[in-house]
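# An overview of the molecular structure
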Amino acid sequence: MAKPASDRPLRPATLLVRGGQMRSNLDETSEALYLTSGFVYDSALQAEQTFTGEAQHFQYSRFGNPTVQMLEARLAALEGAEACRATATGMAAVHAAMLSHLKTGDRVVASRALFGSCHWIVSTLLPRYGIQTEFVDGADLGQWKAAFKRPAQLVLLETPSNPMLELVDLKAVCDLAHEAGAIVVVDNVFATPLLQKPMQFGADVVVYSATKHFDGQGRVLGGAVLGSKKWIEEVLQPFVRNTGPAISPFNAWTILKGLETLHLRVPAMCRNAAAVAQMLEERAEVAAVHYPTLASHPQYELAKKQMSAGGTLVSFTLKGGKEAAFRFLDALRVIDISNNLGDAKSLITHPATTTHMRVAAEERARLGITDGALRLSVGLEDVADLVEDIAAALDAVGGETAPRKKPLGRMVVEETVAAVKAPPAKAAAAKAPRRARAAEPAAEPAAEPAAEPAPAPAEKAADSPRKAPAKRAAAPAAAAAPEPDLFQQGPKRR
Ligand SMILES: *Cc1c(COP(=O)(O)O)cnc(C)c1O
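Residues numbered from 1 in each chain as written. Predicted model: local features only at pLDDT ≥ 70, side-chain atom pairs only at ≥ 80, totals over all residues.

The name given to the protein chain in an unreviewed UniProt entry is O-succinylhomoserine sulfhydrylase, with Teichococcus aestuarii as the source organism. Its UniProt record gives the protein chain a comment under Function (unreviewed entry), which states: "Catalyzes the formation of L-homocysteine from O-succinyl-L-homoserine (OSHS) and hydrogen sulfide." Of the protein chain, the UniProt comment under Sequence similarities (unreviewed entry) reads exactly: "Belongs to the trans-sulfuration enzymes family. MetZ subfamily." (UniProt positions renumbered as here; feature names shortened; annotations may be inferred.)

Structure below.
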């Protein structure tokens, strides 16, 4: 019998390494990969009792799988959410979160600045089923207020947004949405659970593409939906079990391994991103830089309130339009051209001709996605190599006519990395009593995410819930407030 797990609440870094682990009776160190579609029973009676819910046993990997369950428990512990379901992709997570909750006649309000496929679901898919949808400018509280004059059932928003890194005031919009009768679904991909915890500001459901920072090494697709135990079990689980967006156990295992370094990778990528953002602001070829914690960001104060660092993405607009953007991209020698993000490798994309190509030109203009706009996902390379790569490519755009405003090099980078500030972590208490600051373990006992839920009544007859046959689970406890303390003061605009 293995030693008992810690009963103290654990901090985010520990949860990312150990949260949710279920060891088999073989006592393996690493999380086991249960690459199996189904499960067998000791007896006909056990099979019957599993299906009635009297016995706990895994049944079929579309309903649940031990490796996937470890991932779900780890993500729930990190987010400070009661429950989680992993999905095959981020889009499967967004789709399931919305379609499981909505029905004909319902009304959805969404921020306009959304990931392309999320925008398609709201603008094109939902209306086919008689669901009314309305877009608002996410940064404009007046538009949210106007939209909530009529009742609504669901809100979808992204903050910071893809690709122009616009912010939505989470607390204000959640309060308004709840008054109008809506649940709030936040796509938190850009911030990651380390930099922003939407549930602390009132969000009901948080969705992720695990493809991005969770794996973070360009290997597999995955997604996750987090929410209350009741909503996940009664609303989401019947939908995902019967429609089948299940994640492969192999992908879940790869993401579990990726999570073990999330707390090291994301802060390092944020430091690199902040340095790159500062360097870009000083270049004559650049018309504008968008990074939440630059002093020049129009929502800098809001960023300080709800994020603990600016994130791993930087967007910027080149003065010369599409031609300049393409010349710049083609001149890069380290940073790759790719529409992915959140990777150890720095990746850059031209949204107007790739990710947002299908968004109507007029809508693109409204979102600030001009032909000169670029979205850079900053990776883990030596930041000096990134800065040099970008500087050389900007030289290629501007030729001799656009001299640097200031010499560049390591000095700039180090000054930027030095500027840090404590995270805010305010609106926690009411919604999330189990959450604690990293430095002060919560007094309350650990939640037990591995413990299996009682089946929802409607589902008992069909098949029983998933279960944990393992000996024990490391007790992922109160997730702490955003840990990395990387808030970038922002350079003084010169
Ligand atoms: C990538 C992404 C998604 C979709 O995730 P997939 O894993 O590619 O399906 C959704 N929202 C945002 C903000 C993303 O960046």
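## Examining helix H5 (residues 116-128)
The end-to-end C-alpha distance of H5 is 18 Å, a good match for the 18 Å that 13 residues give at a rise of 1.5 Å each. Where H5 bends most, at Val 122, the angle is about 30 degrees. Buried residues of H5: Cys 118, His 119, Ile 121, Val 122 and Leu 126, and no others. Buried-residue contacts for H5 involve helix H4 (90-99), strand E3 (107-111), strand E4 (132-136), strand E5 (154-158) and strand E6 (183-187). Immediately beyond the C-terminal end of H5, within one or two residues, lies Gly 130, with a positive phi of roughly 75 degrees. (Helix = DSSP H or I, 4+ residues; strand = E, 2+ residues; numbered from the N terminus. Expected span 1.5 Å × (residues − 1). Bend = angle between axes of the 7 residues up to and from the residue. Buried ≥ 20, exposed ≤ 12 C-beta atoms within 10 Å, placed from the backbone. Contact = placed C-beta atoms within 7 Å.)

## Regarding the site of the ligand
In the vicinity of the ligand lie 17 residues, with Thr 89, Gly 90, Met 91, Phe 115 and Ser 209 positioned nearest. Mapped onto the shell around the ligand, the elements with two or more residues apiece are H4 and helix H9 (211-215). In terms of residues, the shell around the ligand owes the most to one element, H4, which gives three residues. Among the residues making up the shell around the ligand, the classes are represented as eight nonpolar, six polar and three charged. (Near = placed C-beta within 6 Å. Nonpolar A, V, L, I, M, F, W, Y, C, P; charged D, E, K, R; others polar.)

## Considering the nonpolar core
Nonpolar side chains tend to gather and get buried jointly when the protein is soluble and globular. Ranked by internal contacts, the top residues of the largest apolar core, which has 134 residues, are Val 155, Val 185, Val 276 and Val 314. Per-element tally for this core: the top contributor is helix H12 (residues 262-281), with 12 residues. Structurally, this core is a two-domain feature, drawing no fewer than three residues from each of domain 1 (12-260 + 437-473) and domain 2 (263-418). Not counting chain neighbours up to four residues away, the residues in contact with Val 314 comprise Ala 273, Val 276, Ala 277, Leu 280, Val 289, Tyr 291, Leu 376 and Val 378. (Core = buried A, V, L, I, M, F, W, Y, C linked by C-beta atoms within 7 Å. Domains from an automatic or database assignment.)

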